[in-house]
Amino acid sequence: MGEPAQVINNSDFELANDNGRIQIDHNYTSQSYWKDAFIRFKSNKGAVFGLIIILIISFFAAFGPMMNDHTYKSMNIKHKSLAPRIEGFENSFIFNGVANGINSYKQKGLHDVYYFFGTDTLGRDLWTRVWEGTRISLYIAIIAVVIDMVIGMCYGLISGYFGGAIDNVMQRFIEILSSIPNLVIVTLLIIVLKPGLVTITLALLITGWIGMSKVARAQMLKLKEQEFVLASRTLGASNLSIIFKDILPNIFGQIIIMSMFSIPSAIFTEAFLAFIGLGIPQPMASLGSLISEGFKSMTIYPYMIAAPVTVLALLMLSFNLLADGLRDALDPKMKEM
């Protein structure tokens, strides 16, 4: 007779290395490119700080001149060269109206008069003039972005896409423009036109887009022979459709980064031109012209230059931090670093 069949029970088996947990794969929720970029940007404290400072400065540029009854050109000789004074800070060590150990408010009997940033040598309110000048700088920033995105991007994409003779002609034209210094262009424009925003805008319009065009052309040369472009061309897509619908979305991040980096340069150019007297005419104010005026009285009244220099420095630093954060967030290559 054969041996009886064995009955197999669950207790006869024991899982090896059973620690009470079974390792399983984790499922991660898929994220879009822009959502992932936003998360990366939000984690960059420097970029967030720069964005907050830009928003604060923009708020005061929009509403600061409305916070008192003074205009950027109203003068009061009796109130000239008054130090910064804020209500409630009369007995503190700052914003108490004292400059060089002298309280001009008490000397002139101005007990109920307050100027947040003080006044200049003509009795004009520096608070209003600084924020009016900041409006000019923000206007230059917007114009720089528009010029980069409209002229520089389109010029570079078209030049790189068609190549050959078209590319050669377009690049030689850029080389001619690049060989002319900006200061020479602005000076020639001032001879023909009056100094002002129109002159500075035209100067940016002539040469301000060259850097962006080179970046857009380089990106186009890298992508135009890719498989997805050849597929679109095989399916009969037009050249403009391939440039702006197929290639542009793949380089839009780099375009935004480049345009943001061009903003501080444009702001500094305007401030420099105003400082040497080729910018906004009086009595209008820009940060550069305010710095130029304050520089003349810096040894006696240092507060006159402190406010515009601080705002200009914060504005340029914030745009640089913002551009750096956008580069880290939008450039996929930065994920490997």
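Computed from a prediction, not measured in an experiment: that's the story for all the values here. The residue numbering used here restarts from 1 in each chain and proceeds along that chain's sequence as written. Totals for whole chains, interfaces and linings use every residue, but because this is a predicted model, local features are given only for residues with pLDDT of at least 70 and side-chain atom pairs only at 80 or more, for both listing and counting. As a rule here, side-chain values come from all non-hydrogen atoms in the structure, and water together with hydrogens is ignored.

A.B. asks: Would you mind showing me how to read the overall build of the protein chain here?
C.D. replies: Only DSSP runs of H or I with at least four residues qualify as helices, and only runs of E with at least two residues qualify as strands; both kinds are numbered from the N terminus onward. Assigned secondary structure in the protein chain consists of twelve helices and two strands. Along its sequence from the N terminus, the protein chain presents helices and strands in the succession α-α-β-β-α-α-α-α-α-α-α-α-α-α. Exposed residues in this analysis have more than 50% of their type's maximum accessible area, buried residues have under 20%, and partly exposed residues fall in between, with area computed by a 1.4 Å probe over protein chains only. Expressed as a percentage of the 337 residues in the protein chain, the buried residues total 43%. Restricting to contacts in the protein chain with at least 6 residues of sequence separation, those with at least 24 account for 74%. Whether two residues are in contact is decided by their heavy atoms: any pair within 4.5 Å suffices.

A.B. asks: I'm lost on helix 6 (residues 182-192) in this one. Help?
C.D. replies: Residue pairs three or four apart in sequence face the same way in an α-helix, which turns once every 3.6 residues. Among all positions in helix 6, only Ile185, Val186, Leu189 and Ile190 are buried. Seen end-on, helix 6 carries its buried residues on one side only, within an arc spanning 135 degrees. In helix 6, the exposed residues that point more than 90 degrees away from the buried face are Leu188 and Ile191. For helix 6, the elements touching its buried residues are helix 7 (197-207) and helix 10 (239-275). The arc in question is traced by the directions running from the helix axis to the C-beta atoms.

A.B. asks: How should I be thinking about the UniProt feature "transmembrane region" (unreviewed entry) in the protein chain in this particular structure?
C.D. replies: UniProt positions are given in the numbering used here, feature names are shortened, and annotations may be inferred rather than shown by experiment. When the UniProt feature table is mapped onto this chain numbering, "transmembrane region" (unreviewed entry) sits at residues 47-67, 136-161, 173-191, 197-216, 255-280 and 300-323. For residues 47-67, the end-to-end C-alpha separation is 29 Å, with 81% helix and 0% strand making up the annotated structure. Helix makes up 88% of residues 300-323 and strand 0%, and the two end C-alpha atoms of the span are 38 Å apart.

A.B. asks: How do you make sense of helix 2 (residues 45-63) when you look at a structure like this?
C.D. replies: Here, expected helix span is obtained from the residue count minus one, scaled by 1.5 Å. Helix length check: helix 2, at 19 residues, gives a terminal C-alpha distance of 27 Å against a target of 27 Å (1.5 Å per residue), a fit within 8%. Taken residue by residue, helix 2 has Ala47, Gly50, Ile53, Ile54, Ile57 and Ala61 as its buried positions. Buried positions in helix 2, seen along its axis, are confined to an arc of 125 degrees and lie on one side of it. Seen from the buried face of helix 2, the exposed residues on the opposite side, beyond 90 degrees, are Lys45 and Leu55. Residues of helix 2 that are buried in the fold lie against helix 1 (33-42), helix 4 (126-162) and helix 12 (303-330). Where helix 2 begins, the capping side chain belongs to Asn44, and its oxygen is found 3.2 Å from the backbone nitrogen of Gly46. In protein, a polar contact requires one atom able to donate a hydrogen and another able to accept it; more generally it is a pair of N or O atoms within 3.5 Å, and residues adjacent in sequence count only if both atoms are side-chain atoms.

A.B. asks: What should I look at first to understand the packing of helix 4 against helix 11 (residues 287-296) in this one?
C.D. replies: Helices that pack against each other are described as a pair by the angle of their axes relative to one another and the distance between those axes. Axis definition: a line fitted to C-alpha atoms, over the contacting stretch in the case of helices. Angles run 0 to 180 degrees between N-to-C directions. Helix 11 packs onto helix 4 with a crossing angle of 135 degrees between their chain directions and a minimal axis gap of 8 Å. On the basis of their axis angle, the class for helix 4 and helix 11 is oblique. Here Arg129, Val130, Gly133, Thr134 and Ser137 of helix 4 lie close against helix 11, whose contacting residues are Leu287, Leu290 and Glu293. For this classification, the nonpolar set comprises Ala, Val, Leu, Ile, Met, Phe, Trp, Tyr, Cys and Pro, the charged set comprises Asp, Glu, Lys and Arg, and every other residue, Gly included, is treated as polar. For the contact of helix 4 with helix 11, a count of residues per class yields three nonpolar, three polar and two charged. Each angle receives one of four descriptions, namely roughly parallel if under 35 degrees, roughly antiparallel if over 145, roughly perpendicular if within 65 to 115, and oblique otherwise.

A.B. asks: Would you explain the packing of helix 9 (residues 227-234) against helix 10 in this entry?
C.D. replies: For the pair helix 9 and helix 10, the least separation of the axes is 11 Å and the interaxial angle reads 165 degrees. Taken together, the axes of helix 9 and helix 10 are roughly antiparallel relative to one another. Seen from above, helix 9 lies across helix 10 with right-handed handedness. Every residue of helix 10 that contacts helix 9 at Phe228, Val229, Ser232 and Arg233 is listed here: Ile242, Asp246, Ile247 and Asn250. Residue composition of the contact of helix 9 with helix 10, grouped by class: four nonpolar, two polar and two charged. Handedness of a crossing follows from how the near helix is turned relative to the far one, being left-handed for an anticlockwise turn of less than a right angle and right-handed for a clockwise one.

A.B. asks: I keep staring at the pattern of salt bridges and nothing clicks. Help me out?
C.D. replies: Pairing between side chains becomes possible if they bear opposite charge and their charged atoms approach one another. When a carboxyl oxygen of Asp or Glu is within 4 Å of a side-chain nitrogen of Lys or Arg, the pair counts as a salt bridge. If you walk through the whole model with that rule in mind, you get nine salt bridges. The closest approach of N and O atoms between Glu132 and Arg135, which form a salt bridge, is 3.6 Å. You can see Glu132 and its partner Arg135 sitting in helix 4, three residues apart, about one turn around the helix. The exposure class of Arg135 is partly exposed, given its relative accessible area of 32%. Sharing partners across several salt bridges, the network here consists of Asp120, Arg124, Arg129 and Glu293.

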